[in-house]
Amino acid sequence: GLGALVPAGFTMGVATSAFQIEGAILDDGREPSTWDTFMAQRGRIADGSDAAVAADHYRRYEEDLKLMRELGIDSYRFSLGWSRLQPGGRGTLNRSAVAFYDRLVDGLLASGISPMATLFHWDTPEALQHTGGWMKRDTAHRFAEYSFLAGEAFGDRVESWVTINEPATVTLNGYALGVHAPGATLLFDSLPAAHHQLLGHGLAVEALRAASVTGAIGITNVHSPVQPAGDREDDALFAELFDIVHNRVYADPVLLGRYPVIPEQLEHLFAPLREIEPSDLATIAAPLDFYGLNYYMPTRVAAGAPADASTPDGESAAARSLPFSLVPMREYSVTGFGWPIAPDSLAVTLTELAERYGEALPPVVITEGGASFPDVVQRDGSVDDEARVLYLAEHLAVAFAGAPGVTLRGYFVWSLLDNWEWAAGFTQRFGLVHVDFETQKRTPKRSFAWLQRLIGGRTL
Ligand code: FCB
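Below: a short report on this structure. Please read all numbers here as calculations on a predicted model, not as lab measurements.

## Side note on the overall build of the protein chain
So, step 1. Helix and strand counts for the protein chain stand at 14 helices and 15 strands.
So, step 2. Rg of the C-alpha trace for the protein chain: 21 Å, near the compact-globule value of 23 Å for 460 residues, within the 12% margin.
So, step 3. When its C-alpha atoms are laid out on the principal axes, the protein chain stretches across 55 × 50 × 45 Å.
So, step 4. Residue burial in the protein chain is summarised as follows: out of 460 residues, 62% are buried.
So, step 5. Long-range pairs, those at least 24 residues apart, make up 77% of the contacts in the protein chain between residues at least 6 apart in sequence.
So, step 6. As displayed, the protein chain has an accessible area near 17,100 Å², and 52% of this comes from carbon and sulfur atoms.

## Focus on the sheet that holds strand 11 (residues 324-326)
So, step 1. Pairing within the open sheet is mixed, and its 3 strands lie in the order 6-8-11. Looking at the sheet topology across the chains shown, the edges are occupied by strand 6 (226-228) and strand 11. Neighbouring strand axes in the sheet, compared pairwise and without regard to direction, differ in orientation by 30° on average.
So, step 2. Contacts from helix 10 (residues 233-256) reach strand 6, strand 8 (299-303) and strand 11 within the one sheet, and its direction differs from that of strand 8 by about 130°.

## Looking at the site of the ligand
So, step 1. Residues in close proximity to the ligand include Gln20, His121, Trp122, Asn165, Glu166, Asn294, Tyr296, Glu368, Trp414, Glu421, Trp422 and Phe430, which together make up its full environment.
So, step 2. For the ligand, an oxygen atom lies 2.7 Å from a polar atom in the side chain of Gln20.
So, step 3. The separation between an oxygen atom of the ligand and a polar side-chain atom of Glu368 is 3.0 Å.
So, step 4. Burial of the ligand by the protein chains amounts to 95% of its free accessible area of 290 Å².
So, step 5. Considering only residue class, the shell around the ligand consists of 5 nonpolar, 4 polar and 3 charged.

Here is what the cut-offs are and how they apply
Residues numbered from 1 in each chain as written. Predicted model: local features only at pLDDT ≥ 70, side-chain atom pairs only at ≥ 80, totals over all residues. Heavy atoms only, no water. Helix = DSSP H or I, 4+ residues; strand = E, 2+ residues; numbered from the N terminus. Rg over C-alpha atoms; globule rule 2.2 N^0.38 Å. Buried < 20%, exposed > 50% of the residue type's maximum accessible area, 1.4 Å probe, protein only. Contact = heavy atoms within 4.5 Å. Areas by Shrake-Rupley, 256 points an atom, 1.4 Å probe, with all protein chains shown as cover. Pairing = 2+ DSSP bridges. Axes fitted to C-alpha atoms, helices over the stretch in contact; angles between N-to-C directions. Near = heavy atom within 4 Å. Polar contact = N/O pair within 3.5 Å; in protein donor to acceptor, adjacent residues only side chain to side chain. Nonpolar A, V, L, I, M, F, W, Y, C, P; charged D, E, K, R; others polar.

What follows is the structure, encoded as structure tokens:
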């Protein structure tokens, strides 16, 4: 069956990001981002692929708009390519890039689909990496300048703004473990990259308001509820550490205006955060219209160095020197990525948000949720992704039920299209629509038809 009905006023959407779908990386004045550089390095991407063409969305966006209209979504979350709009990371916007996003935004509005734009979904202009990237405070100011210009260009039509997507992932995978761009392995010394993204977020909120945008403004953080693997004292300590570095370092400053309290034994690891400028926290805690939540999976943590040093996003030599490891949660079945399928943990995440942030928690929008599976097109042209239908049914049921103390406004499925999944290249398919990366043929999967019926059924 279809499960629960979509509640009244609940926004149903799909999400994508520029670098993962657009391709055309050298077209119309775009310049390299840190991911262009990273993907060209040997051994970085699981299948050795790159995103030069990706899902060719830059050329095929009309076809993709048509798919969205057929699906019947209320809102589409996409990202503005920073390296496309402001190629060198400073100065005026690139006019042909503005024209592209104008066509996209206007096409959405003409289709009755509300545009939600993410300003930064990981494509930092490479020119800014040459001056230290997010390890440097100046990048926060560069991001604010870009946000102001984007606000001026699209602020009359974009209905929701996400400043930064998953600053935790950029810090942990990009600067601490080196499995994402820019490939730094600084471990805890990466914390300035967290602080500068948070500062960039706060400055971007100011910049968007200064540009008089009409839409709602939020940030997107990825949350994973954390459990200790056993009942040894150190298991609990390191579970708390993981909760801090994955969840609280990003949520507490934004919602409470302070960094989390660090257990005394671990305080030395957080020395970089003691050197911040005190007024930064007021900037970072700028009031938001919504809080974006990406939920994929829970995490289980054990004390002691990992045996195989794998992270959710790949093998990391750096992870081997950590004093804790992530332990597989064998009671759950897993997605193609090996991620546990745990809708109950989405409920835990919502409850934790209400408990930790109380009145300080704005309305929540689940800006991403979804699953990868090795989908194939059958001889009859169908793609039977029953596991994804089940995943979405279970997670949407939790979202529709909500949680006390949380005003939940919507759910965006990751993703509309199969796309270039960062370090996993083309090996992980998250789409409601299958993409043949040889021919760029789009084939809606069974989950697409399922979601279409769910959304359509609401109005009956
Ligand atoms: C999230 C990212 C998104 C995609 C999904 C699977 O962490 O925001 O770009 O990679 O995971």
